[in-house]
Amino acid sequence: LLMRMKGTNGIHPCRCCNITAVRAPAGKTYYTPHERSWHPDNIPLVDLANLPLCTHREVVSHANEVDRLRVDRNETAANEYAKKTGINSCSKLTYLSSIRFPDSFPSDFMHLIFENNLLALIQHWSSDYKGLDDGSESYILEKAVLEAIGRETAEAGSTVPSAYGPRLPNIYTNRSFVTADMWSFWSQYLGPVLLRRHLQPHYFKHFIAFVKLVTVCLQFEMTNEEIENIRIGFIQWVRQYEEYYEVLYDTQERFRNREESLALRTEYGQLSHLFSVTFPSAIPEIHIAEPTTFIYAAIRPCKLLPPDPLLDGLDIHLYNQFHTHLSYIDVQNIQCLVGRVPDGQNWAIIDRSGSMNRAVW
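What you are looking at is a predicted structure, and each value in this text was computed from that prediction instead of being measured.

Conventions we followed
Residues numbered from 1 in each chain as written. Predicted model: local features only at pLDDT ≥ 70, side-chain atom pairs only at ≥ 80, totals over all residues. Heavy atoms only, no water. Helix = DSSP H or I, 4+ residues; strand = E, 2+ residues; numbered from the N terminus. Buried < 20%, exposed > 50% of the residue type's maximum accessible area, 1.4 Å probe, protein only. Contact = heavy atoms within 4.5 Å. Areas by Shrake-Rupley, 256 points an atom, 1.4 Å probe, with all protein chains shown as cover. Core = buried A, V, L, I, M, F, W, Y, C linked by side-chain atoms within 4.5 Å. Axes fitted to C-alpha atoms, helices over the stretch in contact; angles between N-to-C directions. Parallel < 35°, antiparallel > 145°, perpendicular 65-115°, else oblique. Left-handed = near helix turned anticlockwise from the far one by under 90°. Nonpolar A, V, L, I, M, F, W, Y, C, P; charged D, E, K, R; others polar. Patch = residues over 30% accessible without salt bridge, like charges linked within 9 Å, V, L, I, M, F, W, Y side chains within 5 Å. Salt bridge = Lys/Arg side-chain N within 4 Å of Asp/Glu carboxyl O. Lys, Arg positive; Asp, Glu negative; His and termini not counted. Charge placed at Lys NZ, Arg CZ, Asp CG, Glu CD. Expected span 1.5 Å × (residues − 1). pLDDT = per-residue confidence, 0-100. Phe/Tyr/Trp six-rings, centres within 6.5 Å; stacked < 30°, edge-to-face > 60°.

A.B. asks: Could you clarify how one ought to interpret the overall build of the chain in this entry?
C.D. replies: In terms of regular secondary structure, the chain is built from seven helices and eight strands. With 361 residues in all, the chain has 34% of them scored as buried. Summarising the internal contacts of the chain: among those between residues at least 6 apart in sequence, 52% fall at separations of at least 24. Just so you have it, the chain exposes about 22600 Å², and 54% of that area is on carbon and sulfur atoms.

A.B. asks: I tried to follow the nonpolar core on my own but got confused; where do I start?
C.D. replies: Among soluble globular proteins, nonpolar side chains are generally buried collectively. Within the largest apolar cluster, 35 residues are counted, with the highest numbers of intra-cluster contacts made by Trp125, Leu141, Ile149, Trp183, Trp186, Leu195 and Phe207. Counting only elements with at least two residues in this core, the list comes to α3 (109-125), α4 (143-155), α5 (180-195) and α6 (201-217). Judged by nonpolar contacts, the second largest core, of ten residues, contains Met5, Cys54, Val59 and Cys90.

A.B. asks: In this structure, what is going on with the packing of α3 against α6? I would like to understand it.
C.D. replies: When two helices pack together, their arrangement is given by the angle between the helix axes and the distance between those axes. Relative to each other, α3 and α6 sit at 165°, their axes nearing to 12 Å. Considering the angle they form, α3 stands roughly antiparallel to α6. Here the hand of the crossing between α3 and α6 comes out left-handed. The residues of α6 that touch α3, namely those facing Phe109, Ile113, Phe114, Asn117, Leu118, Leu121 and Trp125, are Phe207, Phe210, Val214 and Cys217. For the contact of α3 with α6, the residue count by class is ten nonpolar, one polar and no charged.

A.B. asks: Any chance you could explain a positive patch on the surface here in plain terms?
C.D. replies: On the surface, a cluster of positive charge is contributed by Arg4, Lys6, Arg23 and Lys83. Along the chain, Arg4 turns up in the segment before α1 (56-71).

A.B. asks: What am I meant to see in the pattern of salt bridges here?
C.D. replies: Oppositely charged side chains are able to pair whenever their charged atoms sit close together. Counting across every chain of the model gives five salt bridges. The partner of Arg68 in a salt bridge is Asp72, and the shortest N-O contact between them spans 2.9 Å. Salt-bridge contacts for Asp128 lead to Arg175; the nearest nitrogen and oxygen are separated by 3.5 Å. On the criterion of sequence distance, the pair formed by Asp128 in the loop between α3 and α4 and Arg175 in the loop between α4 and α5 is long-range, its members being 47 residues apart. Salt bridges sharing common partners tie together Glu65, Arg68 and Asp72.

A.B. asks: I'm lost on helix α7 (residues 224-243) in this one. Help?
C.D. replies: Because each turn of an α-helix spans 3.6 residues, side chains separated by three or four positions in sequence point in the same direction. Compared with an ideal rise of 1.5 Å per residue, which puts 20 residues at 28 Å, α7 spans 29 Å between its outermost C-alpha atoms and is within 8% of the ideal. Among the residues of α7, those classed as buried are Ile230, Gly233, Ile235, Trp237 and Glu242. Looking at the packing, one finds that the buried side of α7 touches α3 and α6.

A.B. asks: Honestly, a nonpolar patch on the surface in this entry has me stumped. Any pointers?
C.D. replies: A contiguous nonpolar surface patch, about 340 Å² in accessible area, is contributed by Leu271, Leu274, Ile295 and Ile334. Summarising the element assignment, Leu271 is placed in strand β3 (residues 269-279).

A.B. asks: Just checking my understanding: could you explain the confidence of the model for the chain for this structure?
C.D. replies: Counting all residues, the mean pLDDT for the chain is 83, and 86% of those residues have values of 70 or more. Under a pLDDT of 50 for its full length, residues 355-361 has, in the predicted model, seven contacts with residues more than four places off or in other chains.

A.B. asks: Please explain the side chain of His34 as it appears in this structure.
C.D. replies: By secondary structure assignment, the location of His34 is in the segment before α1. Owing to a relative accessible area of 12%, His34 belongs among the buried residues under this scheme. Ignoring sequence-local partners within four residues, the contact set of His34 consists of Leu45, Val46, Leu48, Arg239 and Glu242.

A.B. asks: Got a minute to help me understand the packing of aromatic side chains in this structure?
C.D. replies: The relative placement of two aromatic rings is captured by the distance of their centres and the angle of their planes. For the structure on display, the rule yields 14 aromatic pairs. Between Trp183 and Trp186, the aromatic rings sit 5.9 Å apart at their centres with planes inclined by 90°, giving edge-to-face as the arrangement. Taken as a pair, Trp183 and Trp186 lie in helix α5 at a separation of three residues, close to a single helical turn. This pair shows no difference in class: Trp183 is buried, exactly as Trp186 is. Residues Phe275 and Tyr328 carry aromatic rings whose centres are separated by 6.1 Å and whose planes lie at 50° to one another, so their mutual orientation is tilted.

A.B. asks: So what exactly am I meant to see when it comes to the packing of α5 against α6 here?
C.D. replies: Close contact between α5 and α6 brings their axes to 10 Å; oriented N to C, the two are set at 160°. The angle between α5 and α6 falls in the class roughly antiparallel. Here the hand of the crossing between α5 and α6 comes out left-handed. Only Phe204, Phe207, Ile208, Val211 and Thr215 of α6 make contact with α5, whose side of the interface consists of Trp186, Ser187, Gln188, Gly191, Pro192 and Leu195. Residues belonging to the contact of α5 with α6 are distributed by class as follows: seven nonpolar, four polar and no charged.

Here it is as structure tokens:
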């Protein structure tokens, strides 16, 4: 409120950089993903290592323009400009020469980390994230496991000094009572112990990477090297997070009359058919501005098996059968050709599109 910026869910939600949020064609919520090749508007990839940072002069200039339009009683133009820039009006703090936007304002760490990122991870593991399942991945925990983690979280209060922080309730049955302070303690001390035996190794390592970054952020002092490690670490963490959801799909695809709800995931499958769909003229109602031809692929998805720890770090995935249904996707979402190798009763998928990519001689 003091900064007079829109913040979360705005087209420009970040007060530190000019990243532009996107939303699904039929959706209402804005998101800021790094990978955007799936979007129909062909929005370019976000370079997380070189974000377009805001400057004090830029922020003040935008704020003054919004106020000028309101003084001229052009409320519609003022609202549009505020929506475009993410700035609602000029903050009274701009009159203080010691204040610089956005550098003088600390990040909202509590909401960004403990009530957003961490909670999103927990919702993923609980099959409670915006109605999504884990697709071809395997990070959703069984109900009995979630109940045990919740129970053990509550019981840990009897053997942890109260000086460490507030006692946590059962996070499975009473999650709404858990505060950001409690999530902070749980993520750093209880989560690593309670999840170690239940999450698949690569998901657990991803969570631990998050915990290590958060722990450094909470230090009272940081070296320049630690600050750089945090910057690089979060870039890598976000990229890894998105790699688990690389293909856009509609979570409501089996319900014709429900509003489209899009998410990302990686899938492997067998190409069954290709379809060409031509629109001979523009149809503005569905964002087609000119005569256009779309190519769609019918894919029979593989039923992936849980990752083999012995193959951790390699782009090798196991499956033993296909799903009975076909998935229909834009052909541009087919990323690469993969191979398969027989492995007893199973098949091993050989994928050279990622870290296993090799030069051809």
